[in-house]
Amino acid sequence: MAADARNLRRGLPRRPGGDAWPPPGEAPGGLVAASARTTATASTPTVPAPDASMPIAAAPAVAAAPASGRRLRSGLPRVAGGGAWPEVVATPGAADVGVRDAAAAPQHAVVEEPPPAPPVSAPAAPMPGGAQPAVAAASPATGGALRRGLPRVAGGDPWPAPSAVAPVAAPPLAARSAAEPLPAAVPPVAAEPVPAAVVPDSAAPSAAASPAASVERKPAEPERPVSPAAPIVPASTPSSPTTTRYGPLTRTQWVGASVVGVLAIIGAATIVVQLTRWFLGLDFMQDFLASYPGETPLPEGAPVGLPAWLGWQHFFNVFLIVLIIRSGLQVRTEKRPPAYWTPRWAKGGRGRISLSLWFHQSLDILWLVNGVIFVVLLFATGQWMRVVPTSWEVVPNAVSAGLQYLSLDWPLENGWVNYNSLQVLAYFATIFIAAPLAALTGVRMSGLWPKNATALNRAYPVEWARAVHFPVMLYFVAFIVVHVTLVFLTGALRNLNHMYAAQDADGWLGFWIFVASLVVIAAAWIAARPTLLAPVAGMFGKVGR
Ligand code: HEM
Ligand code: HEM
């Protein structure tokens, strides 16, 4: 025991400015006494008990902890090479520690109990086939109603029975004397028989009276109550989906952030709309709107309506550009192309490109052909007047149309005859600026571009082309999003009839042709995979890996 005393860790001084406590090689009397009493379980480390001024001794305090339903923390070993102390499972030694002091504090006997059961929800009735937690029996002493949980048998009622959860008026534990039966012996309210191992008819009271008796008796391995007493898994368990992080936030946080974001956007949009309305209501803006209603008059002799050829051109353009954007992004992102294509006419394997780039460039050729036919027809039929600004008035009119869009008081919808000035500028930019830019920069990067034209290549470095080509694609994507959104928000059926059925009507014909066109595009999207592309590419060159 002296050895034990020597092995004790020393802690903070007991008095300000004093030495570490306890003095080296010394153990406080209480501890030595306690140690002496535990010789029966010599292998069990002793509990260091602070001096008498400390609340009871450390050992009972430890033993009592489970009564509060909290799991004991294990700390450093008490002896060199020993295990963490105290052991997690209630050991005979631990029982000893608890029962030893039971005479002074009977409730300490609950050390035999599985730790996690909070008293308020501890079962009042014994669990079949398992040790009945004494703490459960003690719980009603609190007078609180017990929660009922899952049935004990398949198809059974929630457990414990309602009668068992009725609060039991019991004197507070602290008021009991040592001679009183342990709380474990409080007869369960339920009439169910108490398993012998749980509430030993004689052992419990005698444990209080003679600790030694209980030292010998190994308590049945307590079964962890699979009951309402089991602590509810906290929401912050790592496996919980709410705590799994997606990027910097958890799912709940993303939902919250999205809600806040959407509300913020709606709020900002409302403010913008209201401010624009207020602004347009000012006198000078009323004059401005009268002078610049949002569309510029067409030149004399401009055609009325959209011909069928234009609708076809428009559809084929949409079809191609969707696949062009997709294949362009594939060229940009793919690390290891699925296959390579080498032109049939290439010498010595030169001009080898990835299958994705082959597809991109093949689509580009079709797109260029379609675009050239479109522009030729635009000028041949006078349709160009609808998409090419013919006076500078288009600028203030475009501002006017833009403000009207912002105020949600849409500009006059007159697409069959004349686009508003914002449309004219957007279509003009797309047809006559963005498309040629995409082609010029694309060709510069392609195998078609002459490699040996030194002066030309110095004047137009490939890096420039690469730097411009991608942002042009971003422009196309932005244009398409805004364009299609407005087509649908400003009289969808009528607009679709204009472009897809070449008529100025309100029926559904244009809509269904549009839907059919989407089906064709989706089919092409699905078909555009290497297994199908490779044979087609093989008709124009060699495909291999
Ligand atoms: C699903 C996609 C699309 C739909 C539903 C659609 C629909 C329309 C409609 C209804 C019009 C006539 C507007 C009116 O009558 O007021 C139109 C015009 C136009 N769209 Fe689209 N569009 C789509 C995609 C595209 C794309 C991808 C581009 C170009 C990249 C484009 C370029 C144009 C141009 C240049 C015009 C004016 C044509 C002219 O009158 O000469 N559209 N579009
Ligand atoms: C005549 C028209 C076009 C030609 C000849 C062309 C050609 C090319 C070529 C040769 C590349 C490969 C660049 C490289 O090796 O890094 C490329 C990439 C790309 N193309 Fe095109 N292209 C054309 C039109 C378009 C259009 C209209 C779009 C989209 C609207 C587009 C989107 C892209 C994208 C996103 C890339 C990847 C860019 C990158 O890697 O940064 N291209 N194009």
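Keep in mind that what you see is a predicted model, and the values were worked out from it rather than measured.

Asker: Which residues make up the site of ligand 2, and what values do they have?
Answerer: Around ligand 2 sit 21 residues in total, of which R332, H360, Q361, D364 and H469 are the nearest. For ligand 2, an oxygen atom lies 2.6 Å from a polar atom in the side chain of R332. Between ligand 2 and D364 there is a distance of 3.1 Å, counted from a nitrogen atom to a side-chain nitrogen or oxygen. Elements represented by at least two residues in the shell around ligand 2 include exactly α10 (308-333), α11 (355-381), α14 (421-445) and α16 (462-489). The biggest single contributor to the shell around ligand 2 is α11, with six residues. When the residues that make up the shell around ligand 2 are grouped by side-chain class, the tally is twelve nonpolar, six polar and three charged.

Asker: Residues and numbers for the sheet that holds strand β7 (residues 541-544), please.
Answerer: Backbone-to-backbone hydrogen bonds join strands into a sheet, with any given pair of strands oriented parallel or antiparallel. Taken in spatial order, the three strands line up as β6-β5-β7 in an open sheet, and their pairing is antiparallel. What marks the edges here is a single partner per strand, and that holds for β6 (353-354) and β7. Pairing analysis gives four bridges linking strand β5 (residues 340-343) to β7, with the strands arranged antiparallel. Within the sheet, the bridge partner assigned to P343 lies in β7 and is G541. Against the sheet, helix α19 (residues 530-538) makes contact with β5 and β7, and its axis sits at roughly 150 degrees relative to β7, the strand it touches most.

Asker: How would you summarise the layout of surface pockets if you had to cite specific residues and measurements?
Answerer: Here the largest pocket defines a volume of roughly 1,600 Å³. Contributing to the lining of the largest pocket are 49 residues, with L357, Q361, G442, S446 and G447 lying nearest its centre. Among the elements that make up the lining of the largest pocket, the one with the highest residue count is α11 (ten residues). Taken together, the residues that form the lining of the largest pocket break down as 31 nonpolar, eleven polar and seven charged.

The rules behind each value
Residues numbered from 1 in each chain as written. Chains lettered and ligands numbered in written order. Predicted model: local features only at pLDDT ≥ 70, side-chain atom pairs only at ≥ 80, totals over all residues. Heavy atoms only, no water. Near = heavy atom within 4 Å. Polar contact = N/O pair within 3.5 Å; in protein donor to acceptor, adjacent residues only side chain to side chain. Helix = DSSP H or I, 4+ residues; strand = E, 2+ residues; numbered from the N terminus. Nonpolar A, V, L, I, M, F, W, Y, C, P; charged D, E, K, R; others polar. Pairing = 2+ DSSP bridges. Contact = heavy atoms within 4.5 Å. Axes fitted to C-alpha atoms, helices over the stretch in contact; angles between N-to-C directions. 1 Å grid on protein atoms, 1.4 Å probe; cavity = no way out; pocket = protein on both sides within 12 Å on 5 of 7 lines; lining within 4 Å. Points joined across faces, edges and corners; volume = space filled by probe spheres on them.

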